[in-house]
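# Coordinates in review
Read off the chains here:
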Amino acid sequence: MTDIKATLLAQHIETPSWAFGNSGTRFKVFAQKGVPRDPYEKLADAAQVHAYTGIAPTVALHIPWDKVDDYADLARHARELGVGIGAINSNVFQDDDYMLGSVTHPSGRVRRKATDHLLECVDIMDATGSDTLKLWFSDGINYPGQDDIRARQDRLAESLAEVYDRLGEGQRFLLEYKLFEPAFYTTDVPDWGTAYAHCVKLGPKAQVVVDTGHHAPGVNIEFIVAFLLREGKLGGFDFNSRFYADDDLMVGAADPFQLFRIMYEVVRGGGLDAGTGVAFMLDQCHNIEPKIPGQIRSVMNVQEATAKALLVDREALAAAQAEGDVLGANAVFMDAYNTDVRPLLAELREERGLAPDPMAAYAKSGYFEKIAAERVGGQQAGWGA
Ligand code: RM4
Ligand code: MN
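Notes on the structure in this doc start here. (Residues numbered from 1 in each chain as written. Chains lettered and ligands numbered in written order. Predicted model: local features only at pLDDT ≥ 70, side-chain atom pairs only at ≥ 80, totals over all residues. Heavy atoms only, no water.)

### A look at the coordination of the manganese ion (ligand 2)
Around the manganese ion (ligand 2), the protein contributes the donor atoms Glu-176 (OE), Asp-211 (OD), Asp-238 (OD) and Asp-283 (OD), which lie 2.1 to 2.2 Å from the metal centre. For the manganese ion (ligand 2), the 6 donor atoms in the first shell make angles of 73 to 163 degrees at the metal, so the coordination geometry reads as octahedral. Spacing between the donor residues of the manganese ion (ligand 2) along their common chain follows E-x34-D-x26-D-x44-D. Pair noted here: Asp-238 is in strand E11 (residues 234-239) and Asp-283 is in the loop between strand E12 (279-282) and helix H9 (291-311), with a separation of 45 residues, a long-range link. Judged on exposure class, the residue Asp-238 and its partner Asp-283 are both buried. (Donors = N, O, S within 2.8 Å, 3.2 Å for Na, K, Ca; no water. Tetrahedral: all angles 85-135°; square planar, octahedral: opposite > 155°, others 65-115°. Helix = DSSP H or I, 4+ residues; strand = E, 2+ residues; numbered from the N terminus. Buried < 20%, exposed > 50% of the residue type's maximum accessible area, 1.4 Å probe, protein only.)

### Observations regarding the site of ligand 1
Taken together, His-62, Trp-65, Asn-89, Lys-134, Trp-136, Glu-176, Lys-178, Asp-211, His-214, Asp-238, Asp-246 and Asp-283 make up the full set of residues near ligand 1. At 3.1 Å, a side-chain N or O of Asp-211 approaches an oxygen atom of ligand 1. The side chain of His-214 places a nitrogen or oxygen atom 3.2 Å from an oxygen atom of ligand 1. Looking at the shell around ligand 1 residue by residue, the classes come out as 2 nonpolar, 3 polar and 7 charged. (Near = heavy atom within 4 Å. Polar contact = N/O pair within 3.5 Å; in protein donor to acceptor, adjacent residues only side chain to side chain. Nonpolar A, V, L, I, M, F, W, Y, C, P; charged D, E, K, R; others polar.)

### Notes on the pattern of salt bridges
Under the criterion given, the structure shown has 25 salt bridges. The salt bridge partner of Glu-41 is Arg-375, with a shortest N-O separation of 3.6 Å. Separated by 334 residues along the polypeptide, Glu-41 in helix H2 (residues 39-53) and Arg-375 in the segment after helix H14 (367-374) bring together distant segments of the chain. Accessibility assignment for this pair places Glu-41 and Arg-375 in one class, buried. (Salt bridge = Lys/Arg side-chain N within 4 Å of Asp/Glu carboxyl O.)

### Details of unusual backbone geometry
Cis geometry marks the peptide bond from Ile-63 to Pro-64; its omega dihedral reads 20 degrees. A cis amide bond, omega 5 degrees, links Glu-181 with the succeeding residue Pro-182. Within the element layout of this structure, Pro-182 appears in the loop between strand E8 (172-176) and strand E9 (186-187). Although it is not a glycine, Glu-181 sits at a positive phi angle of roughly 80 degrees. With respect to the helices and strands, Glu-181 occurs in the loop between E8 and E9. Positive phi is not limited to glycine here, since Asp-248 has a value of about 55 degrees. Position of Asp-248 relative to the elements: it lies in the loop between E11 and helix H8 (256-268). Residue Asp-248 is classed as buried on the basis of its relative accessible area, which comes to 13%.

The following block contains the structure:
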């Protein structure tokens, strides 16, 4: 049990700055009270998530949503709040120039602009001390014949190589895939295989990020996780959950069993070992629920799934597997999943001086009432859609 507790304490889950701003669907972005008006206030909210869970010490930024004049100052502000800057997420999807793509656009001028933005993101990594660049491209085509699928792969490879060469010591990029949306016929990085092939060609500083919402229904995500970890190419996760497509709901909400299966493969593949560098990031939007509690709940959901995955009796499982005991092996697996780990996690928090129930402790803290009263006037942060 002490081993399990130590592993759970060492796990870090990264919150996304954009989860704290207003968000919505393409139909409506709802404004909520107390929402941050700038990246500094977003970091303050993220620090609350860390204060109550104890395991969310870094915050991912999205550029240009989190554009500031002085990134070193923003990083200093984060440190003062007890958090650090996590992955820098590039954004080459919200400019009129990108209607037909960014790094795969047929026009060299647009490709240059997009690649320059990615290079600027590496500058921001330098200034903030972030070691991870996350690349997601909305690039793709809507109609058969619209553009040359293969040429777009060449353009993508060219841009990625330029960014890769710019990475400094200890820096890496994570390439994200998504099967559809906003492009509907084909995207240019639709699946893990495409991302993996580009990353393998580039080298060790390029890894794949698995966004749990970016697969077709029924895809066995834990298999992808097992495979990528085995190859040393699993850079991290964008956790969220989905019922239909890229719903961006709270991780573990739709299918906690899937999250457990994913976390089991992470544990099995050594993804929680110190130094493997698997980043556990949330990529979510809280459209109708309050944002800080939404993030606290999400962090707890990942932690619960991790605890259950760590409880799998690996020896008993291996023995049952070796004997071909199908039902026995499955029972070992299910026993761990069906264990109520909440008392263990409450104990763990108390041991490190935290309240046993982070949701209740945050609700009682008065922080929400304070930001709702203070953050009036000014423009609330949103995702710019
Ligand atoms: C994309 C993708 C990226 C995220 C943006 C907001 O669908 O998941 O990771 O940064 O959304
Ligand atoms: Mn994502």
